[in-house]
Amino acid sequence: MVTLTGIWFGKWLRPWWLFAALALVIETASCARTLPAAAPQELPAVLTEEPAFAATNVAYRDLPSVAEPLWTDYALSDALFWGRDNQAAGIPLVVNGSSGAPLISAGDPQFPVAAGVRAFYGQRNPCQCGWEIGYFGVYGMSATSVATMTPPPFLQMPQPIGADLTADGESATVKYNSTINSAEANVFSTSHGWRDFSESWLTLDWLAGFRYVGVEEQATITADCCVVDGTKTVVPYTVRTRNNMFGGQIGSRARWTWDRWAFEGWAKAGLLGNAEKQIQDPLYAFSGPPPLRGARSAAGTDVGFIGDINLSVIYRLTPVWGIRAGYNLVWIEGLALAPNQFDFANTSVAGTGLNSGDGIFLSGANLGLEARW
């Protein structure tokens, strides 16, 4: 009987022992909070350190000490110097009037390096997440191809409409202009941030967001035709295209920082829908009005892609400002390129088609400034 009572009594008291132990822990913590403040030298050193992402206006503690990522705002501005390759079709644009052999094809114009700008602004919160907005534009991209012939034979645009446009041309020029604009808005989360054995910091951001890409182009074939009344006739054929691409993107960005130096790189990929259009000016025969073919156009949609890769090195000039230089690769797919829209048929529907699904590849250097505060 005593044994059974003791067992029952012990089970009955067991929850109270747990409550008593919990109360003791709470009381101990309360006493610790009410104790007089210890002298600074008595506190463990780790308690006096700032958290890695503390909200502070100081970008880095000292120069050139370890670059702990304490900043919460950042901005950058780069000058871009990019070259370009096209996936232009191999359709002939200027041919030998006698043999029909191509003299200039749509893929012949080669772009030299063009200038542009890039800018970003963003904020990183102490919770290791943040947002950013960015833009890049490349302007004044222009490529030219020239063909000349000493008659006979003459050159002309391809048949069947070529003979009416340029009966006995001696020279022709294909000029191709393009402008690219891109804007994006991203949110990101930092999954890692640590100091390794070399006293440096590595952060890795995972991002997702919205991307817009606009590509506007113009291609013109200008041929010198026959002499009429002592004046050489110049016949142009101009096509313009507009690509407006919208969609989502994902990517990652890594930054390795030590002393005054940092390496930063990102890789982003976006799936975009493209609202595209091509517009063709009226075509006139070398003999003059009326036009052989009126102004024509076509619009459509396509699915596109953008891949964006950058690797830059940064040198800190001050606790906030740094100079940056790097290299870039950008691939844009699913475009209507202007040279691919030329149509030399002489029918009621000529010039009303839309040749899409082509791409451009950009590569080159960036040089600029960044600020982190």
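This is a predicted model, so every value here is computed, not measured.

A. Highlighting the environment of Tyr135. Secondary-structure assignment places Tyr135 in strand E5 (residues 129–148). Using a relative accessible area of 28% as the deciding quantity, one classes Tyr135 as partly exposed. When the C-alpha atoms of Tyr135 and Tyr212 are compared, they prove to be 9.4 Å apart, with 77 residues separating the residues in sequence. Aside from chain neighbours lying at most four places away, what touches Tyr135 is Val117, Arg118, Ala119, Asn181, Ser182 and Ala183.

B. View of unusual backbone geometry. Cis geometry marks the peptide bond from Gln159 to Pro160, where omega comes out at 10°. Topologically, Pro160 is positioned in the loop between strand E6 (155–156) and helix H2 (162–165). Of note in the backbone geometry, Asp259 takes a positive phi value of approximately 50° without being a glycine. Along the chain, the position of Asp259 falls in the loop between strand E9 (231–258) and strand E10 (261–280).

C. Summary view of the nonpolar core. The biggest cluster of nonpolar side chains holds 44 residues, and the ones touching the most others in it are Ile180, Ile221, Tyr237, Ile332, Phe342 and Phe344. At six residues, strand E8 (residues 201–228) tops the list of elements feeding residues into this core.

D. A look at the pattern of salt bridges. Per the stated rule, a full pass over the model turns up 16 salt bridges. Among the salt bridges present, the one from Arg211 reaches Glu184, with a minimum N-O distance of 3.4 Å. Placement of Arg211 in strand E8 and of Glu184 in strand E7 (residues 171–195) is noted, with a sequence separation of 27 residues between them. For the pair Arg211 and Glu184, a shared accessibility class is recorded, and that class is buried.

E. How the structure looks around the pairing of strand E1 (residues 73–86). Across eleven bridges, the pairing between E1 and strand E4 (residues 111–124) is antiparallel. Counted as the bridge partner of Phe81 is Ala115 from E4. With 13 bridges joining them, E1 and strand E15 (residues 358–372) adopt antiparallel strand pairing. The residue bridging Asp85 from the neighbouring strand is Phe361, located in E15.

F. View of the packing of aromatic side chains. Summed over all chains, the structure comprises 15 aromatic pairs. Taking 5.1 Å as the distance between ring centres and 45° as the angle between the ring planes, the aromatic pair formed by Tyr212 and Phe246 counts as tilted. In this pair, Tyr212 sits in strand E8 while Phe246 sits in strand E9, placing the two residues 34 residues apart along the sequence. Measuring from centroid to centroid gives 6.2 Å for Phe342 and Phe344, while their planes differ by 15°, and the two rings are stacked. Per residue, the accessibility class of Phe342 equals that of Phe344, and both read buried. Members of the aromatic cluster, connected to one another through ring pairs, are Tyr121, Trp131 and Trp373. One residue, Lys268, lies across the ring of Trp266, its end atom 4.7 Å from the ring centre.

Conventions we followed
- Residues numbered from 1 in each chain as written.
- Predicted model: local features only at pLDDT ≥ 70, side-chain atom pairs only at ≥ 80, totals over all residues.
- Heavy atoms only, no water.
- Helix = DSSP H or I, 4+ residues; strand = E, 2+ residues; numbered from the N terminus.
- Buried < 20%, exposed > 50% of the residue type's maximum accessible area, 1.4 Å probe, protein only.
- Contact = heavy atoms within 4.5 Å.
- Core = buried A, V, L, I, M, F, W, Y, C linked by side-chain atoms within 4.5 Å.
- Salt bridge = Lys/Arg side-chain N within 4 Å of Asp/Glu carboxyl O.
- Pairing = 2+ DSSP bridges.
- Phe/Tyr/Trp six-rings, centres within 6.5 Å; stacked < 30°, edge-to-face > 60°.
- Lys NZ or Arg CZ within 6 Å of the ring centre and 35° of its normal.

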